[in-house]
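Structural characterization, general
So the chains spell out like this:
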Amino acid sequence: MEDHSQFRLLSERRFLPFFVTQFAGAFNDNLFKNALLLLVTYSAGGLFGLSSDVVVNLAAMLFILPFFLFSAIAGQVADRYEKSTVIRWIKFAEVVIMGIAAVGLWFGWYEVLFLLLFLTGVQSAFFGPVKYAILPQALKESELVGGNALVEMGTFVAILVGTLMAGVMMKAAAPGPLIAIAVAVLAVIGLVAAWRIPRAEAAAPDLRIRFRPLQETWKLMAIARDNHNVFLSIMAISWFWFLGAAYLTQFPNFAKTHLMGDETVVTLLLAIFTIGIAAGSIACERLSGHKIELGIVPIGSIGLSFFGIDLFFNMPEQPISSDWWLIITDPHYRQVAIDLLAIGIFGGLFIVPLYAYVQQETPPATRARVIAALNIFNALFMVVSALLGMLMLGLFGLTIPEFFLVLSIMNLMVAAYVYQQVPDFALRFVIWVLSHTIYRVTHHNLDRIPEQGPVLLVCNHVSYMDALVIAGAVRRPVRFVMDHSIFATPVMGGFFRLAKAIPIGPKSKVPEIYEAAFDRIDEELAAGHVVCIFPEGKLTKDGEVDTFKPGVDMILARRPVPVVPMALRGLWGSFFSHCGGPAFSHWPRRFWSRIHLLAGLPVSPHEASAERLEQKVKALRGDAQ
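Predicted model, so just to flag it, every value in this text is computed and none were measured.

Our focus in this paragraph is the environment of D542. Looking at the element boundaries, D542 is found in the loop between β5 (530–533) and α20 (551–558). Side chain to side chain, D542 and T540 meet in a polar contact 3.1 Å long.

So this is what it looks like as structure tokens:
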């Protein structure tokens, strides 16, 4: 039996060397950056004649500035050249930079180290596009969510460990030499691992690289906007980094002022938040069923806001001096820790499907450049996050818990806008909730549905939930043909209009709707979409497959496309079927029903007919109802 666990990837060469490379790089970046800030703050005093507060903000700017300046070029390089070679050159540059940094740390050359911090940001800016663009080439589509989850988990764990390790090393008798050895060793580990990354051919070998940062950055924005859904997904990812940066920036003052905590409390909050993101990232793969599931994204955004608001209302009214142990053991403080853990978990659920979606929906020839545009937006949103924090906490005088409350409310507003602009998010959310609460759906041979091009699905019609079960199982968006009277209902009608369903009715009663339905079906198939019809024309009243009407023949006569017969088992007897009386008229007899959705082999349009497809659906359904 095939192992579907995402952790299996950590034992395979096509993923493990890349994972070690990116983990070592993120670890090293954060160890070096945080160690330098601590050395400047506690050892060097002022630098360049500036106060330590100004120097800390200068360091943050030096690290993030390269993402604005060089991401466009980095995206071009990642698309133009073979990706494993690009990674090795980047890791070689890291060895050189960290080698010089090791000398600077050993001898306390802090001015040189700040220049090297900028160069560290440069090599990180070059690594970002190739880091995400290589995954779709190395992994199967069914592994993309799991691979992204591992990368996000590794990145945030590396950030946490690098930050904590910098603090631990600072307590040594001679921190400079110790940190020097660590950053040099980590750079070498990253380079050694990079040599084991398999080849990933260039996606656009004829691309001309232009060293015009501002013009190429603007061009990147245009490329990213080519696909509206991808662009809004990029905005949603950047919004997550906006929130993450806001929380992480405020943790020290939050712990000190509102929890009266010592330095161990800051470390604990950072650890809890980061572990939450890692856990949420890992949970994505199981919740999504090994596919890119946009329905999880709204769950993430709802959780981010709910627990952000809950954090505000659970702040201790009269805080007492605390350390990490009190945070865990005291009920009031523990609720704060639980809220931060939950915010991290739902953040992971929010971001992983979005990264996978951007990778999947972006053409290979421009994928790295779109990722580069994403990195630019991420950097921009993090800068705006810092400015908003200064504005809210400084000029407007908000407390940090009040600032977190404002962020939570803003998150709901941003989410509502994105889901209104991209209905697929809300649609997939409803489908995911229904298919993971009322039913347990098992899929059989759905890979027989072509991944591209027009296809007609035909299925038996058992209940009002049939379309939702099929929509939740099939990876491609499906246009369902259904009774026009459903569209007159305020709730279900709005939902199916959102899903771009096609209303149909009897030719004798509503000829205009009948004719328009066949025109719409033909248009959808001509556009290369998946259309699903229930040829019985109505729900079964006895659990058996009824006679298929000739509408399927009319569709294929106008537009000859492959037909995939499908069958549903297990829905007869549900609250939404006519078993025991009209649907909705009897109490549900069971919950968490096990449903089976089976797909047969595709039938060519020249061999398909209503009668033959009826027999195939009956054979798939078998004796089970």
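Let us look at unusual backbone geometry. Backbone geometry places M260, a non-glycine residue, at a positive phi of 50°. Relative to the assigned elements, M260 resides in the loop between α9 (228–258) and α10 (263–288).

Attention now goes to the sheet that holds β5. Ordered in space as β1-β7-β6-β2-β5-β3-β4, the seven strands form an open sheet in which the pairing is mixed. Because the sheet does not close on itself, it has two edges, and the strands there are β1 (439–444) and β4 (502–504). On average, adjacent strands in this sheet sit at an angle of 25° to one another, irrespective of strand direction. Of the pairings in the sheet, the one linking strand β3 (residues 478–483) to β4 comprises three bridges and is parallel in character. Paired with V481 across the strands is I502, a residue of β4. Packing of helix α19 (residues 511–526) onto the sheet brings it into contact with β2 (455–459), β3, β4 and β5, and relative to β4 it is tilted by some 150°.

For the rest of this paragraph, the subject is the packing of aromatic side chains. Scanning the entire structure with this criterion turns up 25 aromatic pairs. With a centroid separation of 5.6 Å and 85° between ring planes, the pair formed by F251 and F273 is classed as edge-to-face. You can see F251 sitting in helix α9 and its partner F273 sitting in helix α10, a full 22 residues away along the chain. Assigned by exposure class, F251 and F273 land together as buried. Measuring from ring centre to ring centre gives 5.0 Å for F312 and F313, while their planes differ by 80°; the resulting arrangement is edge-to-face. Its relative accessible area of 61% is what places F313 among the exposed residues. Members of the aromatic cluster, joined through ring pairs, are Y247, F251, F254, F273, F403 and F404. Positioned above the aromatic ring of F63 is the side chain of K33, whose terminal nitrogen or guanidinium carbon lies 4.6 Å from the ring centre. A cation sits over an aromatic face here: K91 above F127, 4.7 Å from the ring centre.

Right, let's get into the packing of α9 against helix α13 (residues 331–361). Put simply, α9 and α13 touch, their axes get as near as 9 Å, and they point 155° apart. The orientation of α9 with respect to α13, classified from their angle, is roughly antiparallel. For the pair α9 and α13, the sense of crossing is left-handed. On α13, the residues touching N229, V230, S233, I234, A236, I237, F240, W241, Y247, F251 and F254 of α9 are V336, L340, I343, G347, F350, I351, L354, Y355, Y357, V358 and E361. Classifying every residue of the contact of α9 with α13 by side-chain character gives 18 nonpolar, three polar and one charged.

Now for the environment of F534. Locating F534 in the fold gives a position in the loop between β5 and α20. Owing to a relative accessible area of 10%, F534 belongs among the buried residues under this scheme. For the pair F534 and V336, spaced 198 residues apart in sequence, the C-alpha to C-alpha distance is 51 Å. In contact with F534, not counting residues within four places along its chain, are C459, N460, H461, D466, A467, I470, F480 and V481.

Right, let's talk about the nonpolar core for a bit. In this structure, F15, F18, I234, F254, L311 and L340 are the most contacted members of the largest nonpolar core, which totals 109 residues. Among the elements that line this core, the one with the most residues is α9, at 17 residues. Ignoring anything within four residues of it in the chain, the contact list for F15 reads L9, L10, L135, L139, G147, L150 and V151.

Calculation criteria
Residues numbered from 1 in each chain as written. Predicted model: local features only at pLDDT ≥ 70, side-chain atom pairs only at ≥ 80, totals over all residues. Heavy atoms only, no water. Helix = DSSP H or I, 4+ residues; strand = E, 2+ residues; numbered from the N terminus. Polar contact = N/O pair within 3.5 Å; in protein donor to acceptor, adjacent residues only side chain to side chain. Pairing = 2+ DSSP bridges. Axes fitted to C-alpha atoms, helices over the stretch in contact; angles between N-to-C directions. Contact = heavy atoms within 4.5 Å. Phe/Tyr/Trp six-rings, centres within 6.5 Å; stacked < 30°, edge-to-face > 60°. Buried < 20%, exposed > 50% of the residue type's maximum accessible area, 1.4 Å probe, protein only. Lys NZ or Arg CZ within 6 Å of the ring centre and 35° of its normal. Parallel < 35°, antiparallel > 145°, perpendicular 65-115°, else oblique. Left-handed = near helix turned anticlockwise from the far one by under 90°. Nonpolar A, V, L, I, M, F, W, Y, C, P; charged D, E, K, R; others polar. Core = buried A, V, L, I, M, F, W, Y, C linked by side-chain atoms within 4.5 Å.

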